[in-house]
Amino acid sequence: MSEYIIKNGTVYDPKTGVKGEVKDICVKDGKIVEKVSSKAKSLDAKGKSVMAGAVEVHAHVAGPKVNEGRNYRPEDKLFSYKPGGKNTRMSGGFSIPTTFKTGYEYARMGYTTVMEAAMPPLYARHVHEEIKDTPIIDEGAFPVFGNNWFVFEYLKNNEMDNVMAYISWLLKTTRGYAIKIVNPGGSEAWGWGENCNTIHDPVPYFDITPAEIMKGLLTANEKMGLPHSIHVHTNNLGNPGNYETTLDTFKLSQGIKATNKFGREQVLHHTHVQFHSYGGDSWATFESKAKDVMDYVNANKNMTMDLGCVTLDETTTMTADGPFEHHLTTLNHLKWANVDVELETSSGIVPYVYDPNIKVCAIQWAIGLELALYAKDPMRVFVTTDHPNAGPFTRYPRIFKWLMSNASRQEMLKGFKNSDKVIAATDLASLDREITLYELAQMTRAGPAKSLGLESMYGGLAPGMEADVAVYDFDEGKVASPEDIEKAFSSAEYVIKSGTLVVDHGEIVSNGNKRTLWVDAKVPVNSQVERDVQMKFLKYYSVNLNNYEVSDHYVPNPYVIEVDTN
Amino acid sequence: MTKTITDVICPFCGTLCDDLIVTTDDEGKKVVAVDNACAIGAEKFIHSSDHAHRVTRPRKMQDDGTYKEISYNEAIEHTAQILAKAKKPLMYGWSSTSCEAQSVGHEIAELCGAVVDNTAAVCHGTTLIAVQNVGIPSCTLGEVKNRADRIIFWGCNPAHAHPRHMSRYSIFPRGYFTGKGHKQRKIIVVDPRCTDTSSLADIHLQVEQGYDYELLQALRAAVRGQPLAGDVIAGVPKEKVYEAADLLKSGRFGVIFFGMGVTQSLGKDHNIDAAICLTKDLNDYTKFSIVAMRGHYNVTGSGQVLGWQFGFPYSVDLSRGFARYNPGETGSVEILKRQEADAIFVLGSDPGAHFPMQCVKEISRLPSVAIDPHITPTTEICDVHVPVAFVGVEVGGNCYRMDNVPIEARKVVDPPEGMMTDQEFLSAVLKRVQELKSN
């Protein structure tokens, strides 16, 4: 494999504590090394910023609902198509790009690892087929557990060993990475057209509460010592006044310490918190509760979160929170797709236009940014848009601009049609903090990598780590206009993925050597769970057990993380 | 000793049964028995084993209309040449093959600027358009089995077209919340004819041919409790419409299955718009879903692979170097009618039997190749016929069920010696096309 030396760049690396020092970064055999031979290819980074490849902690980029979104929104492809090139396939789509475009666009922004946020286990093969067709970036996928009948029954009977054995089996069967929980209990209730709006609403028939589901899975996750913590999207998403439900959910983790060998410190990751930080009791009184939410997060080191920033675009919402999407279609009357999945989950899709002229949308925009600006520990608060729910991931550079430039935020705030109302309902006008490049590296690299239990591989530039490096034509000391920030991060100067140069001056030059990460958690043989699985498949599933597992050839280049929980 | 293979996937219809038990002879070469399958599915396994009556090498049509055997290499060269030379080749079919093969085919199409289209063009394409108009509230077939107490079959006849659908998923199975099976379910069949499916119905709405849209909208009104004008609506007495509406609303979980009777009759996608809106309306009262009765075992998969690679489910025109989708313009039938294609490639489908005569004539006029294990009307009008192994019998691969659930088909026996699979053949063509295009 080739060697590279990235010369004279200004390095920002929270992993090694380098805050904007001019340094050389050496790459050999796919890893960061101390030094390279004289044959190494030299990349000039003088006056440029050098960071590790970014890590996406939560995005919907592959799988049944993403693809339904593509297929049922031909309009999303308008004006977005690019022909193929020497190293690229043709690619298109805005909020739900094709798999090829997903890989290319992430790479061009310097992202090298991406986690698909919700994989219905029955559709795992589909998710992996798409991941296989997404070039360059390393990916993993989180199977959903929060509405699974096995989990309900074992937790209700307090059978923790069985929960763990089932989690281990499902992670292996679906080649999954972590425990995802979406609207626990509520998505099952949606099977009957109902929902769980607080964490204490019992799930119809199963007689268990969302709080019990989350607490149970959290306990199992820590007993197993998985790389990532439980990854939660709690109940009551998107409703005015829902911040109380959010805080109730956070409190489930209070005082619990993480147990694992991966350097992870949190026991709960809450995703797209923007959608869960609303005050008021109606759309008229809708307001930000970002401060209340962040006060809790700042005070409790055992949790991490990501933002879910609204980017004020026309986008496509999609989630395993089926009842929410039905609620949304009754609000905006746009086309509604829904898929309930037997024994496992539900899901829905609705296009959405975040119109800056609409007060609620502008407040949502402000909340996403407020959460980041209130964060005291950027190692625990990560930038996402919950792609494509609050906006497409291709807007990350714009979010960086808003976070790094108070002027650009104030300009936006003043430009809204309902400017006064938006300013009154949020704190953003009074927040003059500007996120530094070092903090940005924490929020997009070191932080998410650590939260995922991958801090020894990704998100840093220490020798021995994966050679995922991004070089941006950006000098923190010489920013003439906020637009420079967006421009620089939209198109990296160089991106190296696992030691291969994949982006050169914004152009894709290689499709790299992408891998799929999954977690093989070994547990003692559990014949009860084996029998229960067989029985459920015999009686209630519509496919046979022997046709359920994702075969290895759908995961052609796996990176398996083994966890021994014996 | 015979060999038994369990959990075999049936490569026939969109029901994609995955519980077949196939017994082969001692050497594992010939299928001797198929258990659990319907008559059609079983026949697919049995007849593939009859190697004596199969074409096992590519054939080229001579000037006098007879066929001459050619090698696979010659067939690969022929296919690569006609595709590479063409400005706008049509690559049609894809519904009876694996997703892996489709994926290779799409790469060829991209290189050659082809139009890629699947059998939805003359089947559920209208459904896909309707979904693009109004969305689709749906569910997996296991949800139907476990929860549904109201089943509507509209313009479809699963008793014959999807023979095990009713026993596996919709009418008879006993699921988690449906322990009494059939007794717990009410069945409505909407069909102008009396069929074996309608004989099972609690209510058979004998809609007048071509009036599905009217009946659907009347049901929407009746569900909302609005008055209906006239005593007879679309051939159905008004009272019966109200009765059906009440039955739908009174269930806890309902599902509408619909087929070609509504998708390709008068009104086309507008019928499906209305059916989806009815489903959506019913969600204000109870839980309701709608599922298209997809035909070929992997037509759904073709839509999926096209979706993640190009963003559109069918009728994808790559001839301008980027993907365009405009059904009515970029569909196979329209392109053939306008004589716009300059080469034809057919795989895993039989347009010769199902397209309008004008289009069939056009296929026969153009440089062409048909890839199909069988002799079909299409292979008889194409310049070259390339027989391949049966997907789901002689080679595995991923397939998508009508509810989009992916199931990996299994290999049961070897193909006749020396025969290529779809994927092998396409990969060889791709390699050759790359060579031709690089010059």
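About the criteria used
Residues numbered from 1 in each chain as written. Chains lettered and ligands numbered in written order. Predicted model: local features only at pLDDT ≥ 70, side-chain atom pairs only at ≥ 80, totals over all residues. Helix = DSSP H or I, 4+ residues; strand = E, 2+ residues; numbered from the N terminus. Rg over C-alpha atoms; globule rule 2.2 N^0.38 Å. Buried ≥ 20, exposed ≤ 12 C-beta atoms within 10 Å, placed from the backbone. Contact = placed C-beta atoms within 7 Å. Pairing = 2+ DSSP bridges. Axes fitted to C-alpha atoms, helices over the stretch in contact; angles between N-to-C directions. Parallel < 35°, antiparallel > 145°, perpendicular 65-115°, else oblique. Left-handed = near helix turned anticlockwise from the far one by under 90°. Nonpolar A, V, L, I, M, F, W, Y, C, P; charged D, E, K, R; others polar. Domains from an automatic or database assignment.

(A) Inspection of the overall build of chain B at higher detail. Of the regular secondary structure elements, chain B holds 16 helices and 22 strands. Its C-alpha atoms give chain B a radius of gyration of 23 Å, near enough to 22 Å, the size a compact globule of 439 residues would have. Dimensions of chain B along its principal axes, counting C-alpha atoms only, are 70 × 55 × 35 Å. Every one of the 439 residues in chain B was classed for burial, and the buried ones make up 60%. Long-range contacts, defined here as pairs at least 24 residues apart, represent 69% of the contacts in chain B between residues at least 6 apart.

(B) Representation of the sheet that holds strand 3 (residues 31–35) of chain B within the structure. Residue and element names in this part refer to chain B. Reading across from one edge, 1-2-3 is the order of the 3 strands in this open sheet, with antiparallel pairing throughout. Only two strands of the sheet have a single partner each, and these edge strands are strand 1 (3–8) and strand 3. Direction aside, neighbouring strands of the sheet carry axes that sit 20 degrees apart on average. Summarising the sheet, strand 1 and strand 2 (residues 20–24) pair through 4 bridges and their orientation is antiparallel. By the bridge assignment, Val 8 is partnered in strand 2 with Leu 20.

(C) A look at the packing of helix 4 (residues 149–156) of chain A against helix 5 (residues 160–174) of chain A. Residues and elements named next belong to chain A. Where helix 4 contacts helix 5, the axes come no closer than 8 Å and their chain directions differ by 160 degrees. Our classification of the angle between helix 4 and helix 5 gives roughly antiparallel. Read as a crossing pair, helix 4 and helix 5 show a hand that is left-handed. Every residue of helix 5 that contacts helix 4 at Phe 150, Val 151, Tyr 154 and Leu 155 is listed here: Asn 162, Val 163 and Tyr 166. By residue class, the composition of the contact of helix 4 with helix 5 is 6 nonpolar, 1 polar and no charged.

(D) View of the domain arrangement of chain B. Residues and elements named next belong to chain B. Looking at the assigned domains, one finds that chain B contains domain 1 (3–48), domain 2 (53–123 + 297–438) and domain 3 (125–292). Between domain 1 and domain 3, the C-alpha centre-to-centre distance is 31 Å. Residue-level contacts link 6 residues of domain 1 with 6 residues of domain 3.

(E) Fine view of the packing of helix 4 (residues 125–134) of chain B against helix 11 (residues 269–282) of chain B. Residues and elements named next belong to chain B. Contact pair helix 4 / helix 11: the axes reach a minimum separation of 8 Å and the direction vectors enclose 50 degrees. Our classification of the angle between helix 4 and helix 11 gives oblique. In this structure, helix 4 meets helix 11 at a crossing whose hand is right-handed. Along its contact with helix 4, which presents Thr 126, Thr 127, Ile 129, Ala 130, Asn 133 and Val 134, the element helix 11 presents Asp 269, Ile 272, Asp 273, Ile 276 and Cys 277. Of the residues in the contact of helix 4 with helix 11, the class split is 6 nonpolar, 3 polar and 2 charged.

(F) Helix 4 of chain A, seen in detail. Taken together, the buried positions of helix 4 of chain A are occupied by Phe 150, Val 151, Phe 152, Tyr 154 and Leu 155 of chain A. The positive-phi residue at the C-terminal boundary of helix 4 of chain A is Asn 158 of chain A, with phi of around 60 degrees.

(G) Region of interest: helix 16 (residues 482–490) of chain A. Ile 485, Glu 486, Ala 488, Phe 489 and Ser 490 of chain A are the residues of helix 16 of chain A that are buried. If you follow the buried residues of helix 16 of chain A, they end up packed against helix 12 (396–404) and strand 19 (469–472) of chain A.

(H) The arrangement of the interface of chain A and chain B in detail. With 45 residues of chain A at the interface, the matching set in chain B holds 51 residues. Of all the secondary structure elements, the ones that give two or more residues to the side of chain A that touches chain B are helix 1 (64–72), helix 3 (124–132) and strand 16 (336–341) of chain A. With 6 residues, the single largest contributor to the side of chain A that touches chain B is strand 16 of chain A. Of the residues that constitute the side of chain A that touches chain B, the class distribution is 17 nonpolar, 17 polar and 11 charged. With 5 bridges connecting them, strand 16 of chain A and strand 8 (residues 135–139) of chain B associate as parallel partners. Bridge pairing links Trp 336 of chain A to Gly 135 of chain B in strand 8 of chain B.

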